Amino acid sequence: MNIKKEQLEFLDWEMGVFFHFGIRTFYEGHVDWDMKEMPAEGFNPTSLDCEDWIKTAHDAGAKYAILVTKHHDGFANWPSKYTDYSVKNTPWKNGKGDVVKEFTDACRKYGMKVGLYYSPAQFGSVKMNPQEYDDYFINQVSELLTNYGRIDYIWFDGCGSEEHKYDEQRIVDVIRSLQPGILIFNMWDPDTRWVGNESGVAPSPSNLTVSELEFSVLTEEKAALNEAHFLPVECDCMMRLDNWFYSDSDEDTVKSVDELMGLYYYSVGRGANLLINIGPDRRGLLPDKDKESLLHLGEAVRRLKDAEIPCEREEKSETSFDIVLEQQPVNNLVLTEEIDGETEIGEFEIKVHPYSYGAPITVFRGTTIGHKAICPFPTIRTKRITVTFDKPKKVEAKPLYLPLF
């Protein structure tokens with residue numbers, strides 16, 4: 001099975017930040033597909049600071065960032081030649097501004113991978129025939145993939161496209177020709193896939209190789225693939241409870257670092273990427289509480305990574321090894337599996353040997369390992385840990401001790 005180097009690099013990104021920002025930021029109370037008008041003159045982020053967005057994401061440990069360039073409402077965050085409904089017809093910078101440029105420039109300044117979200121479906125698209133709409137779609141995507149340097153990731157939202165037929169091959173050919181190394185999220189010729197929820201959590205097992213895709217929040221039907229594909233998983237979620245875009249009314253729902261760290265364990269800790277959304281406010285700045293929570297998450301993740309315990313390894317068989325360490329407390333084990341696209345570990349078990357004497361006890365049973373399995377268990381003192389798994393594969397392990405109090 002073919003695995004692209006960019007897909008393996010994507011797994012190493014582990015955590016990204018999503019920025020939902022656009023015309024809807026300026027119209028409180030609007031929701032997806034409500035079809036309410038949002039005049040372009042309402043867009044005026046007088047203090048827009050994409051550099052601070054990206055610096056915050058970078059300081060929190062994220063490796064990539066994704067900007068909403070056009071949501072379902074059709075408003076373009078760049079001066080597109082193919083619509084009047086864009087930043088060029090707003091008061092912001094007298095119509096001379098370009099959010100996409102400021103965002104991509106900021107990503108490059110801080111060494112972040114660049115992701116662009118584009119909603120294929122939008123209000124009013126039914127008024128165009130399929131050929132006209134494909135032309136419009138391809139023209140806009142071509143602007144995004146031509147005018148802003150290297151784009152690492154393009155994020156297509158299936159919501160609203162359930163009954164629409166696109167010229168998929170034509171779309172993919174254009175994207176691949178303009179950005180040969182780009183990753184495509186979840187549609188047509190995908191390199192990564194949606195986890196199937198917007199809660200930031202991956203199921204167990206969470207396989208890297210699949211034959212069908214979750215497609216949209218508006219349908220339970222799945223999109224069948226012509227064959228099994230290697231597709232890393234991404235878990236997207238909102239920093240606030242139930243709103244992708246900024247709202248004045250839900251600051252009290254900003255997730256705590258405790259909850260965010262739980263999502264980290266249920267996403268990155270299950271071999272998936274975690275993509276956390278923040279909606280910049282009407283000034284064009286990150287809300288203080290959202291920013292603070294993201295930075296605290298970064299501190300907690302660094303603390304976890306710094307908790308590694310020195311150890312040695314003793315091989316027992318093709319499907320088992322021991323970790324030998326100084327007698328001390330331990331409460332996490334991080335496992336990584338060699339990824340070959342052919343086989344995946346389906347079950348594994350972690351046993352801890354009591355520090356005095358007696359038979360080892362099971363502290364964790366799991367399914368997939370994949371890119372990374374973070375396995376937490378109550379703190380226990382030991383000198384030896386045994387790991388067993390169901391297929392002969394190369395597995396690495398790091399024991400951690402993270403004091404809870």
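Our structure is the block above this text.
Figured I'd write up the structure that's included with this text. Because the structure is predicted, anything quoted here is derived from the model rather than measured.

**Side note on the overall build of the protein chain**
A count of helices and strands for the protein chain gives seven helices and 16 strands. Each of the three principal axes of the protein chain carries a C-alpha extent, and together these read 75 × 45 × 35 Å. For the protein chain, the proportion of its 405 residues judged to be buried stands at 54%. In the protein chain, the share of contacts with a sequence separation of at least 24, taken over all contacts with a separation of at least 6, comes to 74%. For the protein chain, the accessible surface area stands at approximately 18000 Å², while carbon and sulfur atoms represent 48% of it.

**Some details on the environment of isoleucine 385**
Summarising the element assignment, isoleucine 385 is placed in strand β15 (residues 373-389). On the basis of relative accessible area, isoleucine 385 is assigned to the buried category, the value being 0%. Taking the C-alpha atoms as reference points, isoleucine 385 and glycine 298, 87 residues apart in sequence, are found 29 Å from one another. Apart from residues no more than four positions distant in its own chain, isoleucine 385 is found in contact with Phe321, Asp322, Ile323, Leu325, Val330, Leu333, Ile350, Lys351, Val352, His353 and Pro399.

**Looking at the pairing of strand β14 (residues 361-366)**
Sheet topology note: the strand β13 (residues 348-354)/β14 ladder contains five bridges and is antiparallel. The partner of valine 352 across the bridge, within β14, is isoleucine 361. In sequence, β13 turns back onto β14 through a hairpin of six residues, with glycine 358 there showing a positive phi of about 115 degrees.

**Considering the side chain of asparagine 331**
Counting through the fold element by element, asparagine 331 comes out in strand β12 (residues 320-337). For asparagine 331, the residues in contact, after removing those within four places along its chain, are Cys375, Pro376, Phe377, Pro378, Thr379, Leu400, Tyr401 and Leu402.

**Side note on the side chain of lysine 372**
On the secondary structure map, lysine 372 appears in the loop between β14 and β15. When its relative accessible area of 14% is taken as the criterion, lysine 372 is described as buried. Within the structure, the side chain of lysine 372 is placed 2.8 Å from the side chain of glutamate 14, a separation counted as a polar contact. Setting aside residues no more than four positions away along its own chain, lysine 372 makes contact with Glu14, Val268, Gly269, Arg270, Gly271, Val334, Leu335 and Thr336.

**Comments concerning helix α2 (residues 50-59)**
Among the residues of α2, Cys50, Trp53, Ile54, Thr56 and Ala57 are the ones counted as buried. Down the axis of α2, the sector holding all buried residues measures 155 degrees, keeping them to one side. Each element contacted by the buried residues of α2 is listed here: β1 (15-19), β2 (64-70), α3 (99-109) and α7 (288-305). Remark: glycine 61 follows α2 within two positions and exhibits a positive phi of approximately 95 degrees.

**A word on the packing of aromatic side chains**
With the rule as written, the count across this model stands at 31 aromatic pairs. With 6.5 Å between their ring centres and 50 degrees between their planes, tyrosine 133 and tyrosine 166 make a pair best called tilted. Here tyrosine 133, found in helix α4 (residues 130-146), pairs with tyrosine 166, found in the loop between β4 (153-156) and α5 (168-178); they are 33 residues apart in sequence, far enough to count as distant. You'll find tyrosine 133 and tyrosine 166 in the same group, each marked buried. In this structure an aromatic cluster arises from ring pairing among Phe10, Trp13, Phe18, Tyr64, Tyr117, Tyr153, Trp155, Phe185 and Trp244. Across from the ring centre of tyrosine 118, 4.5 Å away, lies the NZ or CZ of lysine 70, which sits over that ring. The side chain of arginine 313 reaches across the aromatic face of phenylalanine 321, ending 3.7 Å from its centre.

So, how was this worked out
- Residues numbered from 1 in each chain as written.
- Predicted model: local features only at pLDDT ≥ 70, side-chain atom pairs only at ≥ 80, totals over all residues.
- Heavy atoms only, no water.
- Helix = DSSP H or I, 4+ residues; strand = E, 2+ residues; numbered from the N terminus.
- Buried < 20%, exposed > 50% of the residue type's maximum accessible area, 1.4 Å probe, protein only.
- Contact = heavy atoms within 4.5 Å.
- Areas by Shrake-Rupley, 256 points an atom, 1.4 Å probe, with all protein chains shown as cover.
- Pairing = 2+ DSSP bridges.
- Polar contact = N/O pair within 3.5 Å; in protein donor to acceptor, adjacent residues only side chain to side chain.
- Arc of directions from axis to C-beta.
- Phe/Tyr/Trp six-rings, centres within 6.5 Å; stacked < 30°, edge-to-face > 60°.
- Lys NZ or Arg CZ within 6 Å of the ring centre and 35° of its normal.

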